[in-house]
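# A structural walkthrough
Given next are the chains, with one letter for each unit.
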Amino acid sequence: MQLPLELRIAWRYLFSKKRHAAVNLISSISVAGVAIASATVVIALSVFNGFIQLAESRFSRLSAPVEIESEEANYFDATPLMDILCNIGEAGTALPILRSKAYVDAPDGQMAVKVTGADQRWMDTSGASSTVIDGMPIVADTLGSTLGVISVGTAMQTGIRPGDRMRLVVPRNRERLNPGNITGNFRSDTIVVSGVTRTGEDKLDAALVIVPLPQLRQLLSADSGSVSHIDVYPADGTDTESLVKAVRLNLPPGFKAMTIAEQNADSFKMIEIEKWVTFVLLAFILIVASFNILSTLVMLMIEKRNNMRLLRSMGMADRRIKKIFIWEGVLVSGAGCLAGAIAGMILVGCQMQWGWVKLSAAGIDPSLLSIPTYPVALSAEDLLAVLALAAITSFLASFVAVVVGRKNI
């Protein structure tokens, strides 16, 4: 397939030696400007991708790859759904979960918390056991005592440590509220703290209590099969995407399956908004850098004026002559964008491999932080967005340059 004549001429002009050194200098500056802007956009978006992956890894310690909840009620009977999930090949493990708001009363402090009713199997499967930094990761009712795990934020605010006792107060099932007996609308139980968990994610570590599922059902006056969620984990060899599709395909009406990002939509949405706001701001820099080719093209038109007269005398139409400089602008901007994208990918790869850029905090050694280096991750979608933006702006800049300098053609 032969390239258009206009593109071949533009390609020759791109590498040919110019009579005026200023043309080469300005052209090099234009390419460098687009390259630096493109690399900056790629690196910035990669940093946000890294923070998104970091958030996913932290939330995954207490959030299942797929979580099912009812769209119509806070609580529902898990038995029918558990039977359905057992027949889905992609679903390896399904665990019932009960969540509610509660109040912790301890000798050294009180606070509102989010309580999760689960069992030891959920602690091990979800990875919550691995996040316990003090005590033992035990959630059970044994020897007449209810053992539970609390988050580091709960421990710090109430002064509770492993082995201490606390009073957990929860509201009864709303369907059984009695307006005439306020105190009767709440029930309490004494929990012995077995361990303290820390995931590194503020939302999870701020105010969390994990207790045995049967005890929380009893406190809430809920039925024996009542749950608020069902956590689903993939079978061996199954990826999360396939699991999500299979579960959603088999779910009855009135229920929805959520990924980790959807379960923690507020946190992920904030990162996404920051990412694309940054992209828009950096896009303006890339646009300005792309429009620097205006001066390059105008000077090239002046230098190649005699060539254009020769082409016109040979029968080339004016519109085709204009296309030469439009292609020239696209090539100049494209070269800069491609070079910048490659440089950005190399720098991001180096950061992923060696972690050159450290996170800093006033008076704190970066090695003592839970994340000593900036997390980064490349995304094909981001690279395509940068290349598409550069292509559009370079074409518009070239078109404007041809319109402005048409008298020199």
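Below or above, wherever it landed, is the structure these notes cover. Keep in mind the model is a prediction, meaning the values are calculated, not measured. Along every chain, residues carry numbers that run from 1 in the direction the sequence is written. Residues qualify for local features only when their pLDDT is at least 70, as the model is predicted, and side-chain atom pairs are given and counted only at 80 or more; totals for whole chains, interfaces and linings, by contrast, use all residues. Only heavy atoms go into the side-chain values, all of them from the structure, while hydrogens and water stay out.

Here the focus is the environment of Ser-145. Relative to the elements of secondary structure, Ser-145 occurs in strand E7 (residues 145–151). Non-local contacts of Ser-145, meaning those with residues more than four positions away in its chain, are made with Ala-140, Arg-165 and Val-192. Strands are runs of DSSP state E lasting at least 2 residues, helices are runs of H or I lasting at least 4, and numbering of each runs from the N terminus. Only heavy atoms enter the contact rule, under which two residues are in contact if any of them lie within 4.5 Å.

Our focus in this paragraph is unusual backbone geometry. Unusually for a residue other than glycine, Ser-221 sits at a positive phi of about 55°. You can see Ser-221 is positioned in the loop between helix H7 (213–219) and strand E11 (226–227).

Pairing of aromatic side chains requires ring centres within 6.5 Å, counting the rings of Phe and Tyr and the six-membered ring of Trp. Pairs whose planes differ by under 30 degrees are stacked, by over 60 edge-to-face, and all others tilted. Within this structure, the stated rule accounts for five aromatic pairs. Their ring planes at 80° and their centres at 5.3 Å tell us that Trp-276 and Phe-279 sit as a pair that is edge-to-face. With Trp-276 and Phe-279 both in helix H10 (residues 265–290), this residue pair falls three residues apart, about one helical turn. Look at Trp-276 and you get partly exposed, because its relative accessible area is 34%. Judged by relative accessible area, which is 14%, Phe-279 ranks as buried. Exposure classes here rest on a 1.4 Å probe applied to the protein chains alone. A residue is buried below 20% of its type maximum, exposed above 50%, and partly exposed in between.

Structurally, Arg-217 is set in helix H7. In this charge count, Lys and Arg are treated as positive and Asp and Glu as negative; neither His nor the chain ends contribute. Salt bridges are identified by distance alone: a Lys or Arg side-chain nitrogen within 4 Å of an Asp or Glu carboxyl oxygen. In this structure, Arg-217 is buried with no salt-bridge partner, the nearest side chain bearing the opposite charge being Asp-77 at 7.1 Å. When neighbours within four sequence positions are excluded, Arg-217 is seen to be in contact with Pro-96, Leu-98, Ala-222, Asp-223, Ser-224, Gly-225, Ser-226 and Val-227.

Summed over all chains, the structure comprises eight salt bridges. For Arg-320, the salt bridge identified is with Glu-6, shortest N-O distance 2.8 Å. Here Arg-320, found in helix H13 (residues 318–354), pairs with Glu-6, found in helix H1 (residues 5–15); they are 314 residues apart in sequence, far enough to count as distant. Assessed through its relative accessible area of 7%, Glu-6 is described here as buried. Measuring nitrogen to oxygen at the nearest pair gives 2.8 Å for the salt bridge that ties Arg-248 to Glu-262. Of the two residues, Arg-248 is situated in helix H8 (residues 240–250) and Glu-262 in helix H9 (residues 260–263); the sequence distance between them amounts to 14 residues. The class of Arg-248 is partly exposed, set by a relative accessible area of 40%. Glu-262 gets classed as partly exposed once you look at its relative accessible area, which sits at 39%.

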